[in-house]
Amino acid sequence: HYFALAWLNDSGGCEFNSRSGQKSFKGCLGIKDITSINLQPHKKIAVFESAMDFWAYLSYYGIREFQNSAIILNSLSLRNKILEAIEQYQPTELYLFLDNDIEGCKATESLMTDIQSTTIHDKSSLYADFKDFNEMVMTKSATAGRKTTT
């Protein structure tokens with residue numbers, strides 16, 4: 001049996017993520033695009049590399065109703081969409097939650113170089129010992145769930 005979590009992107013495409021045991025699959029039905037959440041002019045925007053990181057963030061901080069602005073990239077190849085959003089919404093600050101792998105670090109560096117009009121906060125230090133925010137939350141949840149015996 002297979003299952004997948006799915007969500008709409010800004011072009012009406014359906015992004016999905018499936019994991020069964022050690023196998024996982026990510027994809028899109030329709031046009032690949034970012035997913036924007038509550039984007040409003042002159043507000044702070046949090047940028048997540050994946051929806052799994054965004055959902056982990058909500059879970060970790062106990063957020064039931066997300067009131068802020070966010071962009072889920074759904075793919076690092078879409079990072080130029082952040083530049084378009086900055087031009088359109090002129091955020092006061094940008095918070096990057098990109099992966100701690102080579103591509104995520106390159107994307108962070110590129111965005112920090114390309115964006116001079118907005119203060120950028122690289123939040124990857126919050127999960128420095130992990131690939132991404134989701135991995136940190138999953139590891140901490142698994143560790144917290146284990147009972148120790150003496």
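Data block above holds the structure.
Only a predicted model underlies this, so the values are computations on that prediction, with no experimental measurement involved.

Caption draft 1: Summary view of the overall build of the chain. Counting its secondary structure elements, the chain contains 4 helices and 8 strands. Ordering the α and β elements of the chain from the N terminus gives β-β-β-β-β-α-β-α-β-α-β-α. A globule of 150 residues ought to have a C-alpha radius of gyration of about 15 Å, and the chain, at 16 Å, matches this closely. Seen through its principal axes, the chain has C-alpha atoms that stretch 55 × 35 × 30 Å. Just so you have it, the chain exposes about 9,400 Å², and 51% of that area is on carbon and sulfur atoms. When the 15 positive and 18 negative side-chain charges of the chain are each reduced to one mean point, those points stand 8 Å apart.

Caption draft 2: Looking closely at the environment of Glu15. Position of Glu15 relative to the elements: it lies in strand S2 (residues 14–20). Sequence spacing of Glu15 and Phe130 is 115 residues, and the spatial spacing of their C-alpha atoms is 24 Å. The residues touching Glu15, leaving out its near neighbours within four places in the chain, are Leu5, Ala6, Trp7, Asn9, Gly27, Cys28, Lys32, Asp33 and Asn74. Of note is the side chain of Glu15, whose polar atom sits 2.6 Å from the side chain of Lys32.

Caption draft 3: Broad picture of unusual backbone geometry. With a phi angle near 55°, Asn38 is a residue other than glycine that sits in the positive phi range. Residue position: Asn38 is located in the loop between strand S4 (35–37) and strand S5 (45–48). For Asn38, a relative accessible area of 34% corresponds to the partly exposed category. Not every positive phi belongs to a glycine, and Gln90 is a case in point at roughly 45°. By secondary structure assignment, the location of Gln90 is in the loop between helix H2 (80–89) and strand S7 (93–97).

What counts, and where the lines are drawn
- Residues numbered from 1 in each chain as written.
- Predicted model: local features only at pLDDT ≥ 70, side-chain atom pairs only at ≥ 80, totals over all residues.
- Heavy atoms only, no water.
- Helix = DSSP H or I, 4+ residues; strand = E, 2+ residues; numbered from the N terminus.
- Rg over C-alpha atoms; globule rule 2.2 N^0.38 Å.
- Areas by Shrake-Rupley, 256 points an atom, 1.4 Å probe, with all protein chains shown as cover.
- Lys, Arg positive; Asp, Glu negative; His and termini not counted.
- Charge placed at Lys NZ, Arg CZ, Asp CG, Glu CD.
- Contact = heavy atoms within 4.5 Å.
- Polar contact = N/O pair within 3.5 Å; in protein donor to acceptor, adjacent residues only side chain to side chain.
- Buried < 20%, exposed > 50% of the residue type's maximum accessible area, 1.4 Å probe, protein only.

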